[in-house]
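Next come the chains, spelled out residue by residue.
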Amino acid sequence: MQQTTPEVGGMGHSIKRKEDLRFIQGKGNYVDDVHLPDMVYGHLVRSPYAHARLKSINTERAKALPGVLAVITGEDLAKANLAWMPTLYFDKQMVLATGKVLFQSQEVAFVVAEDRYTAADAAELVEVEYEELPVLVDPHKATDPSSPILREDREEKSNHIFHWEVGDKSATDKAFQNAAVKADVHAVFQRCHPAPLETCGCVADFNRATGRLTIYLTSQAPHAHRTLFALVGGIAENNIRVISPDIGGGFGNKVPIYPGYVCAVVASLTLGRPVKWIETRSENLQSTGFARDYHMTAELAADSDGKIQALRVKTLADHGAFNAAAQPTKFPAGLFSICTGAYDYPNAFCEVDGVYTNKAPGGIAYRCSFRVTEAAYLIERAVDVLAQELKIDPVELRQRNFIRPDRFPYKSPLGWSFDSGNYQAAMDLALQKVGYAELRKQQEEKRKKGELMGIGVSSFVEIVGAGPAHTFDIAGIKMFDSAEIRVHPTGKAICRMGTKSQGQGHETTYAQIVAQELGIPAADVTVEEGDTDTAPYGLGTYASRSTPVSGAATAVAAGKIREKARKIAAHLLECSEEDLEWEPGKFFVKGAPSKSKTIQDIAFAAYTNIPEGLEAGLEAVDYYDPPNLTFPFGTYICVVDIDKGTGEVKVRRFVAVDDCGNVINPMIVDGQIHGGLTEGLAIAFMQQIDYDENGNVQGGSFMDYLIPTAVETPHWDTDKTCTPSPHHPLGAKGVGESPNVGSPAAFVNAVVDALSHLGVRHIDMPITPWKVWNVLKEKGVVS
Amino acid sequence: MALRIEKTFQVSQPIEKVWSILSDPAKVASCVPGAQITEKVDDKTYKGSISVKVGPSVTDYKGEVQILRLDEQNHEIEIQGKGQDVRGRGSAAMTMTGKLAMLDGGITQVTSISEVNVVGILAQMGSRVITEVSNVMFNQFSQNFQKLLNQSIDQPPVANSATAATVVPAPVPQPPEPIEPGSIAWQAFKQMLSRWLRALKSMFSGQSA
Amino acid sequence: MAKKQLVRVKVNGRDRQAEVEPRLLLVHFIREVLGLTGTHVGCDTSHCGACTVVLDGKIVKSCTMFAPQADGSELLTVEGLMTNGNLHPLQEGFKEEHGLQCGFCTPGMLMSSYVLLQNNKKPTEEDIRWGISGNLCRCTGYQNIVKAVQFAAAKMDQRGAK
């Protein structure tokens, strides 16, 4: 790859972000900032019960309140066949409840009023009569005959949703029978929530004068949402415009379509006025896409040298009341089968069962590729447990089993073809940075003094960039992505992509790709996303797919422009195309470098001096179907100290070595790592959305669902290795989610390592001081 | 959200007098702040309501109280109350066992063991507060109970064979004042805060390794 | 409905006033009545700090105040940080040090840091982390925000600016 100058700002340059200017002035345009003339407000009435029959809804008092324009119930929606809507995964979900409610906080009625406060007042006046039903919150009891059947709307009267398996069961079982050593771990990845700082919401604006519906939407996938609104709502797709303006964080939470959006659209269509609906934080935590809630068991079979021979996994997935998972259709458990990890062995078998419970529906991919965090956590915990069993150092065990660089592309026993990897190199760099050998010595000494210190390692492999059309689609739409680039006469450019940034810096990074491929300075390239009227169709931004798919499309589109530019350059320089050589920003004649034309010269010519037979203009669009996913990886090492008196775990040091192939903007990548590690820290130590036996949500606000502040968050020490992707035009892989994928295991492995000499093998997250203190008490370390 | 609350208090009244009030749900209800018996369905079943205001939010529960067990010999009563929020924001259920015991010096000990189950919004935001609110409510209840006891001394004792018609009426039921947020929530908050401060103090004064 | 009350404030140097319901939250007053949407709402329990503004020199979470409580006060919001079209050193710092990603917490962070630096011209890293501990961020992990504030402190120290 040819280097560009810092002024041009192509790949590898840490240029400052172009989008920052408006945000630091408070001039971002988030959905709640959208203010349209005649706009009204919506507020949802929600169920306090986890499972109950809806006996009656009395909206009279609410409707009578001055300023109230409408109160919509499930019955009203049912008349338009909209009381139910399809989920992104072969199920349907109630928009507003009819017949019964299935989780606490489920949407029951939608009030529309002239202002926010009146809408909230009116919601309090809606009188709903319920008849409580027995509640199911334990997924392990979902298939017990004594448990209530939740989904009366399904033909199959059962709480079991799906069974999925992959791998060779008999070969795996045989390997286990013949194994010299076996180790197993039961690890629960607790239900948590992405909690982006901006909650979900929309402004639905049906304009009677033009017949068009514009929806300002907190959406990570605006085109897919537009198509779904068209199909479900029966509105012509050319009359729907979805605009995702600035989004205050997504992390997967803004991928599904929520009842509030549908109600706002219905209200706007009915009233002919813009309807704004913005959820509160409590509503966000209690009803929108949760993540994880995977109850997993992993078994590893190994020989006496610690060479892994087989992996066997069984998982129970709690999907809540509706299967609103956002996964590619062929994968009910997402890409969970990446759970074989960074290790080379021939046999694996994995099965997952999904069940319904009286909890909020989902689950979405929270800052991970679909279900990859669960998978990475499981294998990295299992390897540590195996290391404990064999009494081998966990680093040593990993190194014995790493897939070697010459094995790539590597076919995993569960069917994935890893594009490239050098796991040992990342491990080596991490070990050196953290001073591993010294730390182990220090741990020995501290143990003699009764002090608790632990070192946790996580060598994860991610699978991102969904995905090739032959295997991947969401709700039937293939998972290609797109880029459209247009160069103006004065050599500046505008691009639009089918993805949608929620803070990942696309306005800068895509411009840098164009800068790399065309030599136009990134500062001269405007990048737009999120308006379905102008951007080419794409599947959006989540699961770290933007750089792998849309980034590739950008490179390919730029390549098409370069090819036309070559023709124009040949025309201007009066030579043949073969005589020309390219360096970023210009074509020059081989052997006569002073005979050259810059891309700016060429752009101008494209409108003023067009060669015969060529169209005017200088632009291209590309829809990229990736040949494979990309497999970023890394090694994280975490050092913790445990306070015996309080059970508090302090993260003393955290070294993160990531490999995402060729990097576009190192500063932006580092920022992503910092953010993802902080989310991983929160999950490992402080977060859980729990339900009591009556289905009352226990993690329903920031009082209980804890977000780390700057005080709890440690310093993150980041570094990189670079193993490019052989199939990506830029050699790049995705990276935004690696830190959330790889870090939970690093944190948990560190805590367990601190207590392993006491016989502790596993502690489930969140590892609160209370949990640790109880373990210490149980082991007689404290009384 | 299930809570178990055990409370004991003493009154300097003979056990039979105390029993005459404890065994009458209408009288007991009149002592519970914000509660009211509205209808007697039969000997064992009553309809009633209770209004609880915590901060700015008022929850009006409407429901039923049932006497599950009445043991005159041992002065034990077991009642069950179930109510739904009239605005559909949740429900609450409670089983309470009330026991009397005679102590020296003409003192009667009243022990109540209650299991309270709350479903709905209060059980999320208010779960910490529910225990404290129950404590404060119980303290008010025991004060009212004692007041009622002292008043009834001036009334002629109830003849055991009296029919419902001649039962001395309970003090005229006032429309129940919703429990004041100022008093209950503030008291509850103060109690919670003083507990936390005590816990914090002991944490810092204690030694950690 | 309660009688409307007149609220008079000086916002970013300008005198503004409006008649509002007494229960109108200050954050809604700022965003919807005054039209300054840089201040954000991120939670309903006053934890997140996205609504942080400066009221009479102190940082307050404007979601936890009623507009009438600000009557007669001076308010500074993120829109008032620039002077004569020049970025405040803090705003520069956030840009130079990549102290923001989605931008939603940024106005609150800027206001908290602004008052921090007013009261402490040479903050340590710990001072800064405590100073912004009332502001939650989901994107950055705070590391670059700390660097942004350090950048601003150094720059302001250099020019002896206020």
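Keep in mind that this is a model prediction, so the values were computed, not measured.

1. Some remarks on helix α5 (residues 143-159) of chain C
The terminal C-alpha atoms of α5(C), which comprises 17 residues, lie 25 Å apart, in line with the 24 Å expected from a rise of 1.5 Å per residue. Of the positions making up α5(C), those classed as buried are Gln143(C), Asn144(C), Ile145(C), Val146(C), Ala148(C), Val149(C), Ala152(C), Ala153(C) and Met156(C). Looking at the buried positions of α5(C), the neighbouring elements they touch are α16 (666-685) of chain A together with α2 (89-96), α3 (106-119) and α4 (125-131) of chain C. Looking one or two places after α5(C), you find Gly160(C), whose phi comes out positive at around 60°.

2. Notes on the sheet that holds strand β32 (residues 649-659) of chain A
All names here are of chain A. What the four strands build is an open sheet, ordered β21-β31-β32-β33; its pairing is mixed. Whereas interior strands pair on both sides, the edge strands pair on one side only; in this sheet they are β21 (452-461) and β33 (717-721). Neighbouring strand axes in the sheet, compared pairwise and without regard to direction, differ in orientation by 15° on average. By the bridge criterion, 10 bridges tie β21 to strand β31 (residues 633-642) in an arrangement that is antiparallel. The residue of β31 that forms the bridge with Phe460 is Gly634. Running over the sheet, α16 touches β31, β32 and β33 and is turned about 140° from β32.

3. Side note on the packing of helix α9 (residues 372-390) of chain A against helix α17 (residues 738-755) of chain A
Residue and element names in this part refer to chain A. Where α9 meets α17, the closest approach of the two axes is 8 Å, and the angle between their N-to-C directions is 30°. What the angle tells us is that α9 and α17 run roughly parallel. Crossing hand, α9 versus α17: right-handed. Side by side, α9 and α17 meet where Val372, Thr373, Ala376, Tyr377, Glu380, Arg381, Asp384 and Gln388 of the first sit next to Asn740, Val741, Pro744, Ala745, Val748, Asn749 and Val752 of the second.

4. Considering the arrangement of the chains
Here two pairs of chains make contact, and the pair sharing the most contacts is chains A and C. At no point do chain B and chain C touch; the closest pair of C-alpha atoms across them sits 10 Å apart.

5. Here we look at the pairing of strand β16 (residues 308-318) of chain A
All names here are of chain A. Across the 11 residues that make up β16, a large majority, eight, are buried. Two successive antiparallel strands, strand β15 (residues 290-302) and β16, enclose a turn made up of five residues, where Gly306 displays a positive phi of approximately 85°. Inspection of the sheet shows β16 paired to strand β17 (residues 347-355) by nine bridges, in the parallel sense. Each bridged residue has a counterpart across the sheet, and for Ala317 the counterpart in β17 is Gly354.

6. Things to note about the pattern of salt bridges
Taken as a whole and judged by the stated rule, the model has 74 salt bridges over all chains. Between Arg566(A) and Glu563(A) there is a salt bridge, with its nearest N and O atoms 3.8 Å apart. A residue pair is termed a helical-turn pair when its members lie 3 or 4 positions apart in one helix, as Arg566(A) and Glu563(A) do in helix α14 (residues 546-573) at three residues. Look at the salt bridges and you will find they share partners, linking Asp32(A), Asp33(A), Arg116(A), Lys276(A), Arg31(C) and Glu32(C) into a network.

7. Details of the interface of chain A and chain C
Taken together, the contact between chain A and chain C spans 55 residues of the former and 47 residues of the latter. Looking only at chain A, the three residues that lose the most surface to chain C are Ile24(A), Tyr117(A) and Leu197(A), adding up to 19% of its buried area. Seen at the junction of chain A and chain C, the total is five salt bridges. Close ionic contact of Arg138(C) with Glu679(A) constitutes a salt bridge, the shortest N to O distance being 3.9 Å. Summed over the shared surface of chain A and chain C, the result is 25 residue pairs in polar contact (both at pLDDT 80 or more).

8. A few points about the interface of chain A and chain B
Facing 24 residues of chain A, the contacting portion of chain B comprises 20 residues. When chain A packs against chain B, the two sides together hide about 1800 Å² of surface, and 43% of this comes from carbon and sulfur. Between Arg89(B) and Glu124(A) there is a salt bridge, with the nearest N and O atoms lying 3.8 Å from each other. Joining chain A to chain B, the criterion identifies seven residue pairs in polar contact (both at pLDDT 80 or more). Among the elements of the structure, β8 (127-132) and α8 (281-287) of chain A are those that each provide at least two residues to the side of chain A that touches chain B. Per-element tally for the side of chain A that touches chain B: the top contributor is β8(A), with four residues.

9. Description of the sheet that holds strand β25 (residues 493-497) of chain A
All names here are of chain A. Overall, mixed pairing links the four strands, which are arranged β26-β25-β24-β30 in an open sheet. Two strands bound the open sheet, and with one partner strand each, they are β26 (525-529) and β30 (619-624). Averaged over all neighbouring strand pairs, the angle between strand axes comes to 15°, with direction disregarded. Bridge count between β25 and β26: five bridges; the pairing is parallel. What sits directly across from Arg496, in β26, is Glu528.

10. Observations regarding the packing of aromatic side chains
All names here are of chain A. Inspection of every chain in the model, using the stated rule, returns 34 aromatic pairs over all chains. Seen in terms of ring centroids, Phe103 and Phe322 are 6.4 Å apart; in terms of plane orientation they differ by 85°. Their pairing is edge-to-face. Within this pair, whereas Phe103 is found in the loop between β6 (100-101) and β7 (107-113), its partner Phe322 is found in the loop between β16 and β17, the two being separated by 219 residues in sequence. Take Phe103 and Phe322: they sit in the same class, and that class is buried. An angle of 80° between the planes, with centres 5.4 Å apart, marks the rings of Tyr294 and Phe336 as edge-to-face. A residue pair is termed long-range when its members are at least 10 positions apart, and Tyr294 in strand β15 and Phe336 in the loop between β16 and β17 qualify at 42 residues. Residues Tyr294 and Phe336 agree in their burial class; the two are buried. The structure contains a cluster of three or more aromatic residues connected by ring pairs, namely Phe460, Tyr636, Phe654, Phe685, Trp716 and Phe747. One residue, Arg22, lies across the ring of Phe23, its end atom 4.7 Å from the ring centre. In this structure, Arg312 packs its charged tip against the face of Phe176, placed 4.0 Å from the ring centre.

Rules used in this analysis
Residues numbered from 1 in each chain as written. Chains lettered and ligands numbered in written order. Predicted model: local features only at pLDDT ≥ 70, side-chain atom pairs only at ≥ 80, totals over all residues. Heavy atoms only, no water. Helix = DSSP H or I, 4+ residues; strand = E, 2+ residues; numbered from the N terminus. Expected span 1.5 Å × (residues − 1). Buried < 20%, exposed > 50% of the residue type's maximum accessible area, 1.4 Å probe, protein only. Contact = heavy atoms within 4.5 Å. Pairing = 2+ DSSP bridges. Axes fitted to C-alpha atoms, helices over the stretch in contact; angles between N-to-C directions. Parallel < 35°, antiparallel > 145°, perpendicular 65-115°, else oblique. Left-handed = near helix turned anticlockwise from the far one by under 90°. Salt bridge = Lys/Arg side-chain N within 4 Å of Asp/Glu carboxyl O. Buried area = accessible area lost by both parts, 1.4 Å probe. Polar contact = N/O pair within 3.5 Å; in protein donor to acceptor, adjacent residues only side chain to side chain. Phe/Tyr/Trp six-rings, centres within 6.5 Å; stacked < 30°, edge-to-face > 60°. Lys NZ or Arg CZ within 6 Å of the ring centre and 35° of its normal.

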